[in-house]
Amino acid sequence: MDLRKELQDDIDGETLNHCFSCGICTGGCPSAIMTDSEYNPRKILHRVVIEGKLEDDIWLCTNCYTCQERCPAKTKVADLISLMRRVYVKHNNIPTFIKPLVENLASCGFTQIIGDLENKRRKRMGLPEMKHNKEIKKIMEKTGGLNE
Amino acid sequence: MSNRYAYFIGCTTAFRSPNYDLSTRRVMEKLNIELVDINDGGCCGFYYEVINELTYLSMAARVISMAEDEKLDLMVVCNGCNGSLVRANKKLKENPELKQEVNNVLADIDREFKGTIEVKHYVRVLWEDVGVEKIKEKVSNPLDVKVAVHYGCHLLRPSEDIRFDEARDPVSLDELVCATGASSIDYLEKSLCCGGYIMASNQDVAYKMSGRKLRNVKNAKADLMITACPFCNIMYDANQKSIERELEREFNIPVLHYPQLLGISMGYSPKEVGLEQNRVRVNPKIFK
C-alpha cells in the first residue's frame, strides 16, 4: 500500500498535509540542535509526503512535543513521527534496541524485570512488593504486539 | 478536594528509584492524602505507542480500569505514564469505536475500560487539588537553597491533550518548589528534554542533550536540580558521572526527586526520603 495513504488513513495522520516546510519544528528540536540538524523533522515530513519514504532517522525523535507545540500550521509533528514509527514497525519489524523491552513486558509485565533484589530493597524501605503479571503478555498476543 | 487516589508507579520507579516512591508516599501522608495501591499494575503502555496502537491503548486502558474499579482518580509519578495514560484515557473517551475494540481485547483478562476517571500526575494533584497554600502550612523546616526546576516533557506536552499549567511558560513546579522556602532560579533552555527517550537508540545524542542542560544549570549556579519524572532523574543523576566522562566536564550537581525536597521541608530526615540513594552526593547540611 502507498505509505502516504497508510499514514493518512490513521486517526493520527489527518494533519500530514498541513506542513508547509517552514522549519520551526526543526529550529526548536533538541535532537536537531544536538546533531547540527542532521536529524531534521522538517525533512522527515517532506520526505514522507513528497517521496512516500521512511528512513531510520525517525528513531531519533525524543517525543518531547516541542515541535507540535510550536507548529504554526498545527501539524501534529510528534504524533506523526510516532505514527511513522508504528508503520515502520509494521513493515520492518521491531528495532533491535526496543526488543529487550518487549521481551521483558512479555515475561513479567514490566519494561524491566523487577526481581528479588529490587523487592528486597523495597521491603527494607517499607514499600509494598512488586508482583509480575501475565495479563500484559495476553494483551500483546491478542493485539499482535509481539510482532512474531 | 479529593483526598484519596489510586496510586501507580509504573516500571522505572519500581526498578530504579524506590526513593521516589518512598518520598512521594511520605509527602502524601503528611498532606492526609490516602493512596490506594495499584502500584504493581505493570506497564502503562508508553513504548507501545510507537510499536502498535491497539497494544498501547489496551495496556493503558488496563491500568486505568484498575483505578476505575476503586472509583478513584489515578495518580502517577512518571511523566511517561502521565503522557501515555492521560492521552489514552482521552482518546478512548472520545472514540467509542476504539473503546469497543480495546474492550474486546480486555475481555480476555476480565477487564473493561469505562471512561469514568481522570489520570493525574502528582504535580497536578499538589498544585490543583491540594494547592500551594495548604502545602506551605505543612512546611516546618523552610529551606534556603537555589533550585533549578526541570519539568520534563509529558507533564505538560502535548498541551492539547494534557491540559495542565501553561505548557510554554509553566509555573506549577516552580511555585511548589518555592512553597518549601527554596528559590527557583531561572536558567537557559529550561524546557529542554532530558533525552532519556532516545538512550537506547542513540546514547551519544542523549548524553549530549542531558549534558547541555547540566551545563546550563551549573552556569546558573544552582545548588541542586529537581525532577518530576524517574526517566529525567536517571539521566541527570544516575548518568551524570558517565555524562561527565563522555563530555570531559565536571558538573557535580545534586538532583532530587521533587517529593524529596518537599519531604525534607516538611521535617522528614534525609534518610526518610531516601536521599542516600541519590547517586550524586547531596550534602544534608544545605538543608539546615
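Residues numbered from 1 in each chain as written. Chains lettered and ligands numbered in written order. Predicted model: local features only at pLDDT ≥ 70, side-chain atom pairs only at ≥ 80, totals over all residues.

Peer 1: How would you summarise the interface of chain B and chain A if you had to cite specific residues and measurements?
Peer 2: Listed as interface residues are 44 residues of chain B and, on the opposing side, 45 residues of chain A. Contributing elements (two or more residues each) for the side of chain B that touches chain A: helix H1 (12-16), helix H2 (18-30), helix H3 (53-69) and helix H10 (203-219) of chain B. Per-element tally for the side of chain B that touches chain A: the top contributor is H3(B), with six residues. In the side of chain B that touches chain A, the residues fall into 24 nonpolar, 10 polar and 10 charged. (Contact = placed C-beta atoms within 7 Å. Helix = DSSP H or I, 4+ residues; strand = E, 2+ residues; numbered from the N terminus. Nonpolar A, V, L, I, M, F, W, Y, C, P; charged D, E, K, R; others polar.)

Peer 1: Please set out helix H6 (residues 77-92) of chain A residue by residue, giving values where relevant.
Peer 2: Look at H6(A): 22 Å from first C-alpha to last across 16 residues, which is about the 22 Å you get at 1.5 Å a residue. Those residues of H6(A) that fall on the buried side of the exposure criterion are A:Val77, A:Ala78, A:Asp79, A:Leu80, A:Ile81, A:Ser82, A:Leu83, A:Met84, A:Arg85, A:Arg86 and A:Tyr88. Against helix H1 (3-8), helix H2 (24-27), helix H4 (41-51) and helix H5 (66-70) of chain A together with H3 of chain B lie the buried residues of H6(A). Positive phi shows up at A:Asn93, right after H6(A), with a value of about 75 degrees. (Expected span 1.5 Å × (residues − 1). Buried ≥ 20, exposed ≤ 12 C-beta atoms within 10 Å, placed from the backbone.)

Peer 1: A description of the environment of B:Ser265 should follow, citing residues and the corresponding values.
Peer 2: Residue and element names in this part refer to chain B. By the secondary structure assignment, Ser265 is in helix H13 (residues 258-265). Take Ser265: there are 24 C-beta atoms within 10 Å of it, and that puts it in the buried class. Sequence-wise, Ser265 and Lys288 are 23 residues apart; in three dimensions their C-alpha atoms are separated by 9.8 Å. Here Ser265 is in contact with Val139, Asn141, Pro142, Leu143, Thr180 and Gly181, once residues within four sequence places are set aside.

Peer 1: I'd like to hear about the domain arrangement of chain A, residue by residue, with values.
Peer 2: One can read the domain layout of chain A as domain 1 (3-92) and domain 2 (99-143). Distance between the C-alpha centres of domain 1 of chain A and domain 2 of chain A: 32 Å. (Domains from an automatic or database assignment.)

Peer 1: With reference to specific residues and values, describe the sheet that holds strand E5 (residues 146-149) of chain B.
Peer 2: Adjacent strands of a sheet form backbone hydrogen bonds with each other and so pair up, either parallel or antiparallel. Residue and element names in this part refer to chain B. Taken in spatial order, the four strands of this open sheet run E6-E5-E7-E8, and their pairing is parallel. Of all the strands in the sheet, just strand E6 (183-184) and strand E8 (255-257) have a single pairing partner and so form its edges. For strand E7 (residues 224-227) and E8, the ladder comprises three bridges, and the chain directions are parallel. Across the sheet, residue Ile226 finds its bridge partner in E8, namely Leu256. (Pairing = 2+ DSSP bridges.)

Peer 1: Requested: an account of the domain arrangement of chain B, with residues and values cited.
Peer 2: Residues and elements named next belong to chain B. Taken domain by domain, chain B consists of domain 1 (4-122) and domain 2 (132-287). Centre-to-centre, using C-alpha coordinates, domain 1 lies 24 Å away from domain 2. The partner domain 2 presents 24 residues to the 23 residues of domain 1 that form the contact. Elements that contribute at least two residues to the side of domain 1 that touches domain 2 include exactly H1, H2 and helix H4 (79-94). In terms of residue count, H2 provides more of the side of domain 1 that touches domain 2 than any other element does, nine residues in total. Tallied by class, the residues present in the side of domain 1 that touches domain 2 amount to seven nonpolar, 11 polar and five charged.

Peer 1: So what about the packing of helix H9 (residues 135-143) of chain A against H3(B)? Which residues, and what values?
Peer 2: Where H9(A) meets H3(B), the axes come as close as 9 Å, and the angle between the chain directions of the two elements is 150 degrees. Between H9(A) and H3(B), the crossing angle belongs to the class labelled roughly antiparallel. Crossing of H9(A) against H3(B): the hand is right-handed. In this structure, H9(A) uses A:Glu135, A:Ile136, A:Ile139, A:Met140 and A:Thr143 to contact H3(B), whose residues at the interface are B:Leu54, B:Thr55, B:Ser58, B:Met59 and B:Arg62. Taken together, the residues that form the contact of H9(A) with H3(B) break down as five nonpolar, three polar and two charged. (Axes fitted to C-alpha atoms, helices over the stretch in contact; angles between N-to-C directions. Parallel < 35°, antiparallel > 145°, perpendicular 65-115°, else oblique. Left-handed = near helix turned anticlockwise from the far one by under 90°.)

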